2 protein chains.
Amino acid sequence: MTTVRARRTPTEMPLIAAATGAVPSRRPVWFMRQAGRSLPEYRAIRADRGMLESCFDADLVAEITMQPVRRHDTDAAILFSDIVVPLKAAGVDLDIVPGTGPVIASPVRTAADVAALDRLEPDQVGAVNAAIGRLLTELPSTVALIGFAGAPFTLASYLIEGGPSRTYENTKRMMLGDPELWHTLMGHLTDVTIAFLRAQIDAGVDAVQLFDSWAGTLSEASYEAFVAPHATRVMAEIEGYGVPRIHFGVGTGELLAAMTRVGTDVIGVDWRIPLDVAAERVGRDVAIQGNLDPTALLAGRDVVRRELTRIIDEGERAVAAGTPGHIVNLGHGVLPNTEADAITHAVELIHSL
Amino acid sequence: MTTVRARRTPTEMPLIAAATGAVPSRRPVWFMRQAGRSLPEYRAIRADRGMLESCFDADLVAEITMQPVRRHDTDAAILFSDIVVPLKAAGVDLDIVPGTGPVIASPVRTAADVAALDRLEPDQVGAVNAAIGRLLTELPSTVALIGFAGAPFTLASYLIEGGPSRTYENTKRMMLGDPELWHTLMGHLTDVTIAFLRAQIDAGVDAVQLFDSWAGTLSEASYEAFVAPHATRVMAEIEGYGVPRIHFGVGTGELLAAMTRVGTDVIGVDWRIPLDVAAERVGRDVAIQGNLDPTALLAGRDVVRRELTRIIDEGERAVAAGTPGHIVNLGHGVLPNTEADAITHAVELIHSL
């Protein structure tokens, strides 16, 4: 790490302490998708505004990002956004459709489609950068601000499929059948991801998370051949900024070691694998983040207490064995049906255990 | 195994030989969902008939089951059906909607819903049994006829969610939050599954596959606590019939050992984990089945040859290390967009390697 950011004091923040092998002042917790549909104040603010419109409005981004911090007392804020935001900013014709997710007007499947993609210029995400500036003045000094980006594979899957997929068949058809075109597309998306993360780091975020949400559809051999070189470039390009990097994908038990090897400070783990097993699998150079099944938050407080107690035990075992730290989180995003009070209660519990 | 079936000679069939530790006369291969949408002759026969209607018509079931055997020269036929067929037969109001999958009219979520479920009587699946009788006279003596059923967890997920799901949130809410109701429902579905498999075995199938397609959404601890006791009862109840049992779920890398411990003769493996690694994980008492990524069949013959060569090498390494046998298959079902010729070519290749 060649640069030390001085805007806020990283060691004050429990999340940054846990991510970097220091001792946090309390057990850090945040939740993927904590800013969003589970909060009544979010639903109110979004009642008459589209998702994408909201993601490009600095006031709204700052306000929605703050909401879960105010309500739940989490140890991090994660920017309210969507992983397709930098694609939209760079000119891809897409929308985020309620109940469906991102929908790409013209899926990217040919060499001409790939050649037509534009680079991302930092001023195209100016609203995100402006929101970060506001949040840095508003957030308590102990609460880390996390920026994020979709990893190239996951972005590629949306562009090629045209939206969410269960099979990723068009994505893998290009990946396996036309590796040259695949790597050209992935190289372009790697540039977009780097530009977007750099803009957020320059604006002052305290940590970044790279979401390779759907990489779990790949074998380790495919990940190594078709994805890892690009993820490695993303991680290498931001390493020098001195903000901790978190790497996460759902269903990636078989990929955790490979996703760690591309370069990360924290590896996110989903609920399918015990945290201490995950920590052993990835080695002792990276902190761990996770891994409550989001559905547990729908099942009542007794279930939440039982599951969190187990997870915290597993995290403590990993740290005792040499893992730098444990950040409590879910194994995937908050489900929209989650009661806001269930989240608040979980945070209290985590801070008390 | 207390009964030996004599209708056909099991050792003649390469699939049965590989499943039971004998030496097959050729490398056995079949494909999950081989009977279905990838075949023009299937689309022709289904043009004016609904899916469920077809599953309860013995002539159609027999004809559609034969189609891939005739066209591709596979080493097994798998009954054309759907895992919700026994639920429909037992009186659950459901349909199979094109592009969506099973849709349950009234999702099962309360004690009263569970109490209202009826048992499955063998004569309610008489069409399936009649189709099996026809197939046994029509199939070459070397081609195994595989019966199948959905495992209790996967059936429960459809009943509780009301259809396919990405989150299984209602399923897990009941499982974690109301274990008593959960186990009552699972006990009922275990009875249905056993009754359906027994009916198929009595009618003469040579092997059975238990599809716990969606178990991969669970941690091993949840699988052990909430699913394994029921899957164990299914497997124990059919063990005595002397037909090999295959157990499969997608994305189950972390569960393979647990899914083997419930009792099976063959474990199905998806493409996320190398076959030889899977074989080591489950021990040397069970044969392995898999594990071509179905998307590879869309990516051209060079890709198929490369991937199948690797898979067959991995299978041979496992067998050399003591695994009883390897049955070549996909890691999930044939994708509807697959060209029929790509499948035929893959079978030829597998038999030639």
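None of these values were measured; they are calculated from a predicted model.

Draft legend 1. Local environment of the UniProt feature "binding site: substrate" (unreviewed entry) in chain A. Residue and element names in this part refer to chain A. In this numbering, the UniProt entry assigns the feature "binding site: substrate" (unreviewed entry) to Arg-33, Gln-34, Ala-35, Gly-36, Arg-37, Asp-82, Tyr-158, Ser-213 and His-332. Across 300 residues of sequence, these annotated residues are also dispersed in space, with a maximum C-alpha separation of 22.5 Å. Structurally, the position occupied by Gln-34 is in the loop between α1 (14-19) and α2 (40-46). Residues in contact with Gln-34, not counting those within four places in the same chain, are Leu-39, Pro-68, Thr-74, Ala-76, Ala-77, Ile-78 and Val-334. On the accessibility criterion, His-332 (27% relative accessible area) is partly exposed. When neighbours within four sequence positions are excluded, His-332 is seen to be in contact with Met-32, Trp-214, Phe-248, Val-250, Trp-271 and Pro-294.

Draft legend 2. Representation of the sheet that holds strand β5 (residues 207-211) of chain B in the model. Residue and element names in this part refer to chain B. The sheet built from seven strands is open, its strands ordered β1-β4-β5-β6-β7-β8-β9 with parallel pairing. Two strands lie at the open edges of the sheet, namely β1 (76-78) and β9 (326-330), each paired on one side alone. Strand-to-strand twist across the sheet, computed as the mean angle between neighbouring axes with direction ignored, equals 25°. Pairing of strand β4 (residues 144-150) with β5, which is carried by five bridges, proceeds in the parallel orientation. Along β5, the bridge assignment pairs Ala-149 with Leu-210. Sitting on the sheet, helix α14 (residues 275-282) is in contact with β7 (266-268), β8 (287-292) and β9, with an inclination near 150° to β8.

Draft legend 3. Fine view of the environment of Pro-14 of chain A. All names here are of chain A. By secondary structure assignment, the location of Pro-14 is in helix α1. Considering only alpha carbons, one finds Pro-14 and Glu-237, 223 residues apart in sequence, at a separation of 25 Å. Beyond its immediate sequence surroundings of up to four residues, Pro-14 is in contact with Pro-24, Ser-25, Arg-26, Pro-28, Asp-75 and Thr-142.

Draft legend 4. The confidence of the model for chain A, seen in detail. All names here are of chain A. Confidence along chain A averages 96 in pLDDT terms, with 98% of residues attaining 70 or more. Counting contacts from residues 1-6, a segment whose pLDDT is below 50, to residues more than four positions away or on other chains yields 15 contacts. Scoring of the predicted complex yields 0.96 for pTM and 0.95 for ipTM.

Draft legend 5. Representation of the sheet that holds strand β4 (residues 144-150) of chain A in the model. Residue and element names in this part refer to chain A. The sheet built from seven strands is open, its strands ordered β1-β4-β5-β6-β7-β8-β9 with parallel pairing. Since the sheet does not close on itself, it has two edges, and those belong to β1 (76-78) and β9 (326-330), each with one partner. Pairwise comparison of adjacent strand axes, ignoring direction, gives a mean angle of 25° for this sheet. The sheet strands contacting helix α10 (residues 179-203) are β4 and β5 (207-211), and the helix crosses β4 at an angle near 165°.

Draft legend 6. Expanded view of helix α15 (residues 301-320) of chain B. Helix length check: α15 of chain B (20 residues) gives 28 Å between terminal C-alpha atoms against 28 Å at 1.5 Å per residue, within 8%. Within α15 of chain B, the full set of buried residues consists of Val-303, Val-304, Glu-307, Leu-308, Ile-311, Ile-312, Glu-314, Gly-315 and Ala-318 of chain B. The buried side chains of α15 of chain B occupy one side of the element, clustering within an arc of 160° when seen end-on. In α15 of chain B, the exposed residues that point more than 90 degrees away from the buried face are Asp-302 and Ala-320 of chain B. Each element contacted by the buried residues of α15 of chain B is listed here: α9 (169-177) of chain A together with α14, β8, β9 and α16 (340-352) of chain B. Trailing α15 of chain B by a residue or two, Gly-322 of chain B shows a phi angle of about 120°, which is positive.

Rules and cut-offs
- Residues numbered from 1 in each chain as written.
- Chains lettered and ligands numbered in written order.
- Predicted model: local features only at pLDDT ≥ 70, side-chain atom pairs only at ≥ 80, totals over all residues.
- Heavy atoms only, no water.
- UniProt positions renumbered as here; feature names shortened; annotations may be inferred.
- Helix = DSSP H or I, 4+ residues; strand = E, 2+ residues; numbered from the N terminus.
- Contact = heavy atoms within 4.5 Å.
- Buried < 20%, exposed > 50% of the residue type's maximum accessible area, 1.4 Å probe, protein only.
- Pairing = 2+ DSSP bridges.
- Axes fitted to C-alpha atoms, helices over the stretch in contact; angles between N-to-C directions.
- pLDDT = per-residue confidence, 0-100.
- Expected span 1.5 Å × (residues − 1).
- Arc of directions from axis to C-beta.

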